[in-house]
Amino acid sequence: MADKTYTVRCARFDPERDKAPRYDAYQVPIQEGWSILNVLTYIFEELDPTIAFYGPCRIGKCVACHVKVDGKNRLACTELAPHRDFTLDPMTERAQIRDFVIDRSQVSDAVE
Ligand code: FES
């Protein structure tokens, strides 16, 4: 069975190049069991190699992959991707280095 394609809106911001944050929308064929990190990896590998995110351990241990999924803080590697359109934001815009990469020295590890 073919997977349905959903629109994933991703907050984009590179303080060295952009004057203001924006959203880019990507069409992603989300498969059963995909995590948010799988979605970001698909976008990076298939659609837009300029998107920046971080997910070194992929097993919920390092807590470096925090993102907001429709406004709620989640670990991208353990949160299942919803089968609907959704929006991803960085955990905090205050410490944003680029896109979903943040300066972890400026934030706590709280996940709702
Ligand atoms: S990649 Fe380490 S907790 Fe998500």
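Data block above holds the structure.
Residues numbered from 1 in each chain as written. Predicted model: local features only at pLDDT ≥ 70, side-chain atom pairs only at ≥ 80, totals over all residues. Heavy atoms only, no water.

Draft legend 1. Expanded view of the sheet that holds strand S5 (residues 86-90). Pairing is mixed in the open sheet, where five strands are placed in the order S2-S1-S5-S3-S4. The open sheet has two free edges, formed respectively by strand S2 (22-29) and strand S4 (72-75), since each of these has just one partner strand. This sheet shows a mean twist of 35° between the axes of neighbouring strands, independent of strand direction. One ladder, built from four bridges, connects strand S3 (residues 66-69) with S4; its direction is antiparallel. Each bridged residue has a counterpart across the sheet, and for valine 69 the counterpart in S4 is lysine 72. (Pairing = 2+ DSSP bridges. Helix = DSSP H or I, 4+ residues; strand = E, 2+ residues; numbered from the N terminus. Axes fitted to C-alpha atoms, helices over the stretch in contact; angles between N-to-C directions.)

Draft legend 2. Representation of empty space enclosed by the protein in the model. All chains considered together, the criterion is met by one cavity of 30 Å³ or more. In this structure, the largest cavity spans a volume of roughly 40 Å³. Around the largest cavity, the lining residues are Leu37, Leu40, Phe53, Tyr54, Ala64, Cys65, His66, Val67, Ala76 and Phe100. Elements supplying a minimum of two residues to the lining of the largest cavity: helix H1 (36-47) and S3. In terms of residue class, the lining of the largest cavity is built from nine nonpolar, one polar and no charged. (1 Å grid on protein atoms, 1.4 Å probe; cavity = no way out; pocket = protein on both sides within 12 Å on 5 of 7 lines; lining within 4 Å. Points joined across faces, edges and corners; volume = space filled by probe spheres on them. Nonpolar A, V, L, I, M, F, W, Y, C, P; charged D, E, K, R; others polar.)

Draft legend 3. Spatial organisation of the pattern of salt bridges. The tally for this structure, following the rule as stated, stands at eight salt bridges. Between aspartate 99 and arginine 12 there is a salt bridge; the shortest N-O distance is 3.0 Å. With aspartate 99 in the loop between strand S6 (96-98) and strand S7 (101-102) and arginine 12 in strand S1 (residues 5-12), this residue pair connects regions lying 87 residues apart in the sequence. The salt bridge partner of glutamate 79 is arginine 74, with a shortest N-O separation of 3.6 Å. Here the residues in one salt-bridge network are Arg12, Asp18, Arg22, Asp24, Asp48, Arg98 and Asp99, joined through shared partners. (Salt bridge = Lys/Arg side-chain N within 4 Å of Asp/Glu carboxyl O.)

Draft legend 4. Focus on unusual backbone geometry. The phi dihedral of arginine 58 falls on the positive side, at around 65°, and the residue is not glycine. With a relative accessible area of 43%, arginine 58 lands in the partly exposed category. The phi dihedral of aspartate 70 is positive, around 50°, even though this residue is not glycine. As for its placement among the helices and strands, aspartate 70 is situated in the loop between S3 and S4. Assessed through its relative accessible area of 38%, aspartate 70 is described here as partly exposed. (Buried < 20%, exposed > 50% of the residue type's maximum accessible area, 1.4 Å probe, protein only.)

Draft legend 5. Expanded view of the nonpolar core. Core analysis: the biggest nonpolar cluster contains 23 residues, and Val8, Cys10, Ile30, Ile36, Val39, Phe86 and Leu88 have the highest contact counts within it. The set of elements that each furnish at least two residues to this core consists of S1, S2, H1, S3 and S5. Broken down by element, the residue count for this core peaks at five residues, all from H1. Those residues in contact with phenylalanine 86 that sit more than four places away from it in its chain are Thr7, Val8, Arg9, Ile30, Ile36, Val39, Val69, Asp70 and Ala81. (Core = buried A, V, L, I, M, F, W, Y, C linked by side-chain atoms within 4.5 Å. Contact = heavy atoms within 4.5 Å.)

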